[in-house]
Amino acid sequence: MNEDPETLARCFGVERISTGPLEPSYNVAPTDEVYAVAEHEGVRRLGVLRWGLIPHWADSRKGRPNINARAETVAERPAFRDSFRRRRCIVPASGFYEWGSAAAGRQPYYITMADRSLMAFAGIWASWKDPETRRWIRSCAIITTRANEALAAIHTRMPVILPPQHLDLWLDRDVRAPEAVETLLAPLPADRIACRPVSTLVNNVRNNLPENITPLTGALPAAGGPPSLLP
DNA sequence: CCAGACGTTGTT
DNA sequence: GTCTGG
DNA sequence: CCAGACGTTGTT
DNA sequence: GTCTGG
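Residues numbered from 1 in each chain as written. Chains lettered and ligands numbered in written order. Predicted model: local features only at pLDDT ≥ 70, side-chain atom pairs only at ≥ 80, totals over all residues. Heavy atoms only, no water.

**Section: the protein's contact with DNA strand B**
Lining the immediate environment of DNA strand B, one finds 17 residues, of which R64, R70, R77, T144 and H155 sit closest. At 3.3 Å, a side-chain N or O of N66 approaches a sugar or linking oxygen of DNA strand B. Residue R157 places a side-chain N or O atom 3.1 Å away from a phosphate oxygen belonging to DNA strand B. Broken down by element, the residue count for the surface near DNA strand B peaks at 3 residues, all from strand β4 (residues 68-70). The residue inventory of the surface near DNA strand B, partitioned by class, reads 6 nonpolar, 7 polar and 4 charged. (Near = heavy atom within 4 Å. Polar contact = N/O pair within 3.5 Å; in protein donor to acceptor, adjacent residues only side chain to side chain. Helix = DSSP H or I, 4+ residues; strand = E, 2+ residues; numbered from the N terminus. Nonpolar A, V, L, I, M, F, W, Y, C, P; charged D, E, K, R; others polar.)

Given below as structure tokens:
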């Protein structure tokens, strides 16, 4: 993500900006801060959250952070259901990486909207008070669903990307019935996204470089790998 | 009753 | 905090 | 997700 | 192989 808060506010109907700009990142890792849009006291607000949801009842931040929540179970899981009912958010992104599994090898791919617009990942958030520092940490998880046809060859899952017409309902805190918003958690149609192979530089989170998202040219996936998805 | 988990991904 | 397993 | 570690001693 | 850190 390399957009300023004003741009994000304009794209997502944000009424109040509650954060300064984050450093551009081409390699967002779990525990990093990410921009997020949520409703607060009836106002749509842009702020930052830590990626990796810590439920309010956790007694330490140790252990693997909950970076994803499955769309199929998010409404029921104890670690997620309160957040799903009352604390939904969107996490803006220019794109995301996926690593081919099994037949697709270790090749990383960068996925964007086909029209290069910003993505709105469906997320949930929670507040947790760190007992050591006594400070509140607001954190989030990104909801995943089955991969669409464009990504199925390289991966079984993908983040839920909300189309603009669903943002109002998703962010409405007064909508508390799970079934009212569960229907929004579908894979984005394949023709809306573009998927390109990129350098393995991205494999190391210390490589936070613009080159991470540069499509490899003349380096198609190995034979037996996924079909070329370049437009 | 208390103790312990509470999640996803991917997997030769 | 809330649920499950023992 | 991937990369990188994977240990003990002694410690207010 | 499995866990932690980023």
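**Focus on helix α1 (residues 5-12)**
Restricting attention to buried positions, one finds in α1 the residues P5, T7, L8, A9 and F12. Backbone geometry just downstream of α1 places G13 in the positive-phi region, at approximately 65 degrees. (Buried < 20%, exposed > 50% of the residue type's maximum accessible area, 1.4 Å probe, protein only.)

**Quick notes on the sheet that holds strand β11 (residues 193-197)**
Read from one edge of the open sheet, 3 strands run β6-β7-β11, paired in antiparallel fashion. The outermost strands of the open sheet, each flanked by one partner alone, are β6 (95-99) and β11. Adjacent strand axes in the sheet meet at a mean angle of 25 degrees, parallel and antiparallel pairs treated alike. Across 5 bridges, the pairing between strand β7 (residues 108-113) and β11 is antiparallel. What sits directly across from I111, in β11, is C195. (Pairing = 2+ DSSP bridges. Axes fitted to C-alpha atoms, helices over the stretch in contact; angles between N-to-C directions.)

**Some points on the side chain of T7**
Within the secondary structure, T7 sits in helix α1. You can call T7 buried: its relative accessible area is 16%. For T7, the side chain forms a polar contact with the side chain of D4, separated by 2.6 Å.

**Describing the nonpolar core**
Ranked by internal contacts, the top residues of the largest apolar core, which has 32 residues, are F12, F84, I90, I124, I143, W170 and L185. Of all the secondary structure elements, the ones that give two or more residues to this core are α1, β2 (33-40), β8 (119-129), β9 (136-146) and α3 (167-171). Here the element with the most residues in this core is β8; it accounts for 4 residues. With 26 residues, the next largest nonpolar core counts C89, M158, I161 and L188 among its residues. (Core = buried A, V, L, I, M, F, W, Y, C linked by side-chain atoms within 4.5 Å.)

**As for the protein's contact with DNA strand E**
Taken together, the residues surrounding DNA strand E are A29, P30, R64 and V205. Of the residues contributing to the surface near DNA strand E, the split by class is 3 nonpolar, no polar and 1 charged.

**A look at the packing of aromatic side chains**
Considering all chains together, one arrives at 4 aromatic pairs under this definition. In textbook terms, an aromatic cluster arises when at least three aromatic residues are bridged by ring pairs, as seen for Y97, W99 and Y110. The cationic tip of R87 hangs over the ring face of W125; the distance from NZ or CZ to the ring centre is 6.0 Å. The cationic tip of R88 hangs over the ring face of W170; the distance from NZ or CZ to the ring centre is 5.6 Å. (Phe/Tyr/Trp six-rings, centres within 6.5 Å; stacked < 30°, edge-to-face > 60°. Lys NZ or Arg CZ within 6 Å of the ring centre and 35° of its normal.)

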